[in-house]
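A look at the structure
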Amino acid sequence: MAGVTTSCSIQPFKQPISLSAFQSKLSHLHLDFPNSSISRGCRITCRYGGGGGGGGYSRQGDSRRPKSPADEDPALDISSIRSSTVRLIDEEQNMVGVVSKTAAIQMAEDAELDLVILSPEADPPVVKLMDYNKYKYEQQRKKRDQQKKSSAHRVDQKELKMGYNIDVHDYTVRLKAAQKFLKDGDKVKLIVNLKGRENEFKNNAIELIRRFRDDVGELAIEESKNFRDRNMTLVLIPNKAILQQKETPKKKEKSTGTEVSASVSP
C-alpha cells in the first residue's frame, strides 16, 4: 500500500513551542496499523491547533510566512522581469547601461541598496539602485508639503446675512467682520434676503449692499453680485495689492525695533 497518507490531530498548545520540541513530540507518536503493510514511502500529515478549517499547517508552502518587500510592492519584485537584461541607473542618477539582470542584482547587494523597477514595459526594463524606504519617505514628505501649500493658498468664503432694515449696531458688527475676513485672505459673501412683502423694499436692499461695498473700501474687489432674486448677494474678494502694502510697513517697523533694542543692550 505505497503512498498511504494518514492524518492525526494534536491538541492546541497552551504556550508557544519550538520546532525541535514539536518534532520530539512527534517522535513519541505511536502508529498502529493492524493487518496492514505500509511501505517506506508513506507520508504522515499532522494538524495542530484543533479541528476546523484554516488550522492546517504544512511545511511545504506555509502561507503564514512573513511577507517579503517584493510581496507588498511590485516595484521590488525583480522576479517579475522576464528579460535577461535590464537598463541600469545607479544611485547617483548615472546611466550605467544595459547589463544582465544577475549583474544588476549583484550590484545592488554589493552597494546594500534596493533594485527598483522604474519601467517594466521598456525593452529592456529600466531599473535603478536606491534606498527605497528613504525614497518613499521623501515622496510622502513632498506630498504633505504640497498639501500644506495648497491649504495655505486656499480661499474660504465667509457669509454675512442682514435684512434690508438692519439697525446701525448690527450693521457695524457685520462690517467689521467682513473687513477682518478680507484681511485674513477670505472671500466675503453678503446676503440680503427679502421675504414676502419685503420685496417691495428691493431698492432699499440694493442701496444697503452698495453702501456696504463702499464702507469696506479698498480692502476688497467686487467679484460678483446678484440683485434680481429675493436673495440678493454681493461677493467680495481680498485686494491683495492693498493688503501687501499694509504688511510691508509692519515688517519694517519690526526690523527697526529689533535694531534699536540691539543697540541699547549692554
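Residues numbered from 1 in each chain as written. Predicted model: local features only at pLDDT ≥ 70, side-chain atom pairs only at ≥ 80, totals over all residues. Heavy atoms only, no water.

Considerations on the overall build of the protein chain
The secondary structure content of the protein chain amounts to 7 helices and 10 strands. Expressed as a percentage of the 266 residues in the protein chain, the buried residues total 23%. Partitioning the intrachain contacts of the protein chain with sequence separation of at least 6 by distance along the chain shows that 56% fall at a separation of at least 24. About 19700 Å² of surface is accessible on the protein chain, with carbon and sulfur atoms providing 48% of the total. (Helix = DSSP H or I, 4+ residues; strand = E, 2+ residues; numbered from the N terminus. Buried < 20%, exposed > 50% of the residue type's maximum accessible area, 1.4 Å probe, protein only. Contact = heavy atoms within 4.5 Å. Areas by Shrake-Rupley, 256 points an atom, 1.4 Å probe, with all protein chains shown as cover.)

Here we look at the packing of helix α5 (residues 168–183) against helix α6 (residues 202–216)
Packed helix pairs are specified by the crossing angle of their axes together with the interaxial distance, meaning the distance between the axes. Remark: α5 packs on α6, axes separated minimally by 10 Å, with the N-to-C direction vectors making an angle of 50°. In terms of axis orientation, α5 runs oblique to α6. Relative to α6, α5 is oriented so that their crossing is right-handed. In this structure, α5 uses Tyr-171, Arg-174, Leu-175, Ala-178, Gln-179 and Leu-182 to contact α6, whose residues at the interface are Leu-208, Arg-211, Phe-212, Asp-215 and Val-216. Classifying every residue of the contact of α5 with α6 by side-chain character gives 7 nonpolar, 1 polar and 3 charged. (Axes fitted to C-alpha atoms, helices over the stretch in contact; angles between N-to-C directions. Parallel < 35°, antiparallel > 145°, perpendicular 65-115°, else oblique. Left-handed = near helix turned anticlockwise from the far one by under 90°. Nonpolar A, V, L, I, M, F, W, Y, C, P; charged D, E, K, R; others polar.)

Some details on the environment of Glu-159
Tracing the sequence through the fold places Glu-159 in strand β7 (residues 157–162). Judged by relative accessible area, Glu-159 falls into the partly exposed class, the value being 46%. Excluding its chain neighbours within four sequence positions, the residues that come into contact with Glu-159 are Lys-189 and Ile-191.

Some details on the sheet that holds β7
Taken in spatial order, the 4 strands make up an open sheet running β7-β8-β10-β9, and their pairing is mixed. The open sheet is flanked by β7 and β9 (220–226), the only strands paired with a single partner. Put simply, the sheet's adjacent strands are angled 20° from each other on average, direction ignored. Bridge count for β7 against strand β8 (residues 187–193) is 6 bridges, and the pairing is parallel. Residue pairing across strands places Leu-160 opposite Leu-190, the latter belonging to β8. In the packing of α5 onto the sheet, contacts are made with β7, β8, β9 and β10 (231–238), and the angle to β7 comes to roughly 170°. Strands in contact with α6 are β7, β8, β9 and β10; relative to β10, the strand with the most contacts, it is inclined by about 10°. (Pairing = 2+ DSSP bridges.)

Focus on the pairing of strand β6 (residues 126–130)
With 5 of its 5 residues buried, β6 lies for the most part within the structure. Residue alternation in β6 divides its side chains into two sets, Val-126, Lys-128 and Met-130 and Val-127 and Leu-129, and both sets are buried. Bridge count for strand β3 (residues 85–89) against β6 is 3 bridges, and the pairing is parallel. Across the sheet, residue Arg-87 finds its bridge partner in β6, namely Val-126.

Here's the deal with the nonpolar core
Core analysis: the largest hydrophobic core is formed by 24 residues, its most contacted members being Phe-212 and Val-216. Put simply, the parts of the chain that give this core at least two residues each are β7, α5, β8, α6 and β10. Among the elements that take part in this core, α6 stands out by supplying 6 residues, more than any other. When near neighbours in sequence (up to four residues on either side) are disregarded, Phe-212 contacts Leu-160, Met-162, Tyr-171, Arg-174, Leu-175, Ala-178 and Leu-190. Within the second largest apolar cluster, 11 residues are counted, among which are Val-86, Val-99, Ala-104 and Ile-117. (Core = buried A, V, L, I, M, F, W, Y, C linked by side-chain atoms within 4.5 Å.)

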